[in-house]
Amino acid sequence: MSRLAVIVGDAIGSDAPPEQTLQRFGYSRLQRTAALADAMEVVSDEHVDLLVVPVEGVSEQDLAALDRVLRRERHMGVIATSPQQDPQLMLRSMRAGIQEFLVRPIALPDLVAALERLHRRVDAREVNGQVFAVFSAKGGVGTTTTAVNLASALAANHGEAKIAVADMALPGGDVALLLNVRPAYDLSELSSKIERLDSELLNSVMTPAADGVWFLAAPERADSADSVDAGAVSAILAQMRSAYAFTVVDCEHQLTDRTLAALDGADRILLLTELKVPALRAAQRTLGIFRRLGYPNEKLCVIVNRLQSGDVVSPAEASQVLKADIFFKLPNDYRTVSEAATRGQPVVQSHPDSRLAWAYLQLAHKLGGGSIVASGEAGNGSRSVLRQIFTRKRN
Ligand SMILES: Nc1ncnc2c1ncn2[C@@H]1O[C@H](COP(=O)(O)OP(=O)(O)OP(=O)(O)O)[C@@H](O)[C@H]1O
Ligand SMILES: [Mg+2]
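> Give me the pairing of strand E1 (residues 4–8): which residues, what numbers.
Within E1, 5 of the 5 residues are buried, leaving the element largely enclosed by the surrounding structure. Of the two faces of E1, the one holding Leu4, Val6 and Val8 and the one holding Ala5 and Ile7 are both buried throughout. In this sheet, strand E2 (residues 29–33) lies alongside E1 in parallel orientation, the contact comprising 5 bridges. Looking at the pairing, leucine 4 lines up with arginine 29 of E2. Read from E1 through helix H1 (residues 16–24) to E2, the crossover connection turns out right-handed. One ladder, built from 3 bridges, connects E1 with strand E3 (residues 50–54); its direction is parallel. Each residue of the ladder has a partner; that of alanine 5, found in E3, is leucine 50.

> Account for the packing of aromatic side chains, with residues named and values stated.
Tallied over the entire structure, the rule returns 3 aromatic pairs. Geometrically, the ring pair formed by phenylalanine 132 and phenylalanine 246 is stacked, given 5.8 Å between the ring centres and 25° between the ring planes. Here phenylalanine 132 is found in strand E6 (residues 130–135), whereas its partner phenylalanine 246 is found in strand E10 (residues 246–251), with 114 residues between them in sequence. By relative accessible area, which is 0% here, phenylalanine 132 ends up buried. A ring pair is formed by phenylalanine 135 and phenylalanine 290, whose centres lie 6.0 Å apart and whose planes are at 50°; its orientation type is tilted. Of the two residues, phenylalanine 135 is situated in strand E6 and phenylalanine 290 in helix H13 (residues 277–292); the sequence distance between them amounts to 155 residues. Assessed through its relative accessible area of 0%, phenylalanine 135 is described here as buried.

> Tell me about the site of ligand 1, and name the residues and values.
Close to ligand 1 lie 17 residues; Gly140, Thr144, Thr145, His253 and Asp333 are nearest. Between an oxygen atom of ligand 1 and a main-chain N or O atom of valine 141, the distance comes to 3.2 Å. Within the side chain of asparagine 305, one N or O atom sits 3.0 Å away from a nitrogen atom of ligand 1. Protein chains bury 78% of the 630 Å² of accessible surface belonging to ligand 1 in isolation. Secondary-structure elements contributing two or more residues to the shell around ligand 1 are helix H6 (143–157), strand E12 (300–307) and helix H15 (334–343). Ranked by residue count, the leading element in the shell around ligand 1 is H6, at 3 residues. Looking at the shell around ligand 1 residue by residue, the class counts come to 5 nonpolar, 9 polar and 3 charged.

> Please set out the pattern of salt bridges residue by residue, giving values where relevant.
Applying the stated criterion to the full structure yields 10 salt bridges. Put simply, aspartate 267 and arginine 241 hold a salt bridge, and the shortest N to O gap is 2.8 Å. Residue aspartate 267 is found in the loop between helix H12 (257–264) and strand E11 (268–273), and its partner arginine 241 is found in helix H11 (residues 230–243); the two are separated by 26 residues along the sequence. Note on accessibility: aspartate 267 and arginine 241 belong to one class, buried.

> I'd like a rundown of the sheet that holds E1, residues and numbers included.
Pairing between sheet strands relies on hydrogen bonds along the backbone, with the strands arranged either parallel or antiparallel. As summarised here, the arrangement of the 5 strands in space is E2-E1-E3-E4-E5, forming an open sheet in which the pairing is parallel. Looking along the sheet, the strands with just one partner apiece sit at the ends: E2 and strand E5 (100–103). Neighbouring strand axes in the sheet, compared pairwise and without regard to direction, differ in orientation by 20° on average. Relative to E5, strand E4 (residues 77–82) runs parallel, the two being bridged by 4 bridges. Bridge pairing in E5 links threonine 81 to leucine 102. Sheet strands touched by H1: E1, E2 and E3. Its angle to E2, the strand with the most contacts, is close to 135°.

Cut-offs and rules
Residues numbered from 1 in each chain as written. Chains lettered and ligands numbered in written order. Predicted model: local features only at pLDDT ≥ 70, side-chain atom pairs only at ≥ 80, totals over all residues. Heavy atoms only, no water. Buried < 20%, exposed > 50% of the residue type's maximum accessible area, 1.4 Å probe, protein only. Helix = DSSP H or I, 4+ residues; strand = E, 2+ residues; numbered from the N terminus. Pairing = 2+ DSSP bridges. Right-handed = clockwise from strand over helix to strand, strands pointing away. Phe/Tyr/Trp six-rings, centres within 6.5 Å; stacked < 30°, edge-to-face > 60°. Near = heavy atom within 4 Å. Polar contact = N/O pair within 3.5 Å; in protein donor to acceptor, adjacent residues only side chain to side chain. Areas by Shrake-Rupley, 256 points an atom, 1.4 Å probe, with all protein chains shown as cover. Nonpolar A, V, L, I, M, F, W, Y, C, P; charged D, E, K, R; others polar. Salt bridge = Lys/Arg side-chain N within 4 Å of Asp/Glu carboxyl O. Axes fitted to C-alpha atoms, helices over the stretch in contact; angles between N-to-C directions. Contact = heavy atoms within 4.5 Å.

By themselves these figures say nothing about function.
Right, here's the structure in full:
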């Protein structure tokens, strides 16, 4: 597995052996940044697995920022280094969520022991998967298409991991159509027995779908859908988090208590919009509500769907209007999505060579890491794009 380590300043010195040790532990990509603030930018752009930071000159503010980032990037390990074993500094580091502390110059056995401890911790945490909720207050913007294809791309990028997609746009049915499955059970079976919910009960209602994605169907009848309340949604997502490395939720468009429970329970909310006035206004209103609800900016990922050259609003203008960064842009390719939908396959499977398949894989990588698996030659000259991504910003 190709892991990315970001090394701040002279955190590990300039000798080759510590770098070689990091490479031995799978950090084949090492990126050096001048300051912690620069490293934070990399963390917000890419899936960083390890951060090594010289902690002696770091301000309280920067440590607080790091603490916030670590609550979100739960997969990321952090090693602090300093010229001496300073108990005050160690305490401050631990309070900021830093797991390991090494004295410089770094003794290789200490570095090896720290990396081993970090990996054990991350492995244990992997059971505790991540939840991505896909939401748009406006219908027809592409939430279901994006949720299904993101789940499939996460599965492609994480060969061994279990991935789930949950249809919580009740009454549902659209996810089942895109995956061409006829589920025998749905989540109303869970909500009616919610007090007995455990991994076995969850497994019994999940339907295997395309390429390693497990599917939790929504009831198609409105009266069954009414029986699913916010408490049930929270409990189901918590259970899914412990069973699946990634769970992608297709949310309903209304901000009901049930939807809010799904959004509260998610690590990231993918707010879908298009570069068109009605969709942007809907996204702007939704972001206002999310901010009033106290969701941190890092939790909110604005995704522009169906990007095309004729859009009257530019991504930069959209970002200004929304007062938020655009996390990702998905190209418009109606022909590919509709052919995939007709076949009942995700785009990554049905059209692995398309630009859209490549975009879904990149989005999955940005959210969940893993290595992008280009099946066929996804995108234009995907191998060179792949190389560009993995060598980008390397110093
Ligand atoms: N990237 C894309 N390029 C082109 N067309 C797309 C793209 N994403 C989605 N679409 C199309 O947009 C339409 C709406 O998509 P989808 O059903 O996923 O949206 P939705 O927000 O879930 O809608 P609903 O309101 O029915 O829940 C569909 O026809 C779909 O094929
Ligand atoms: Mg939908």
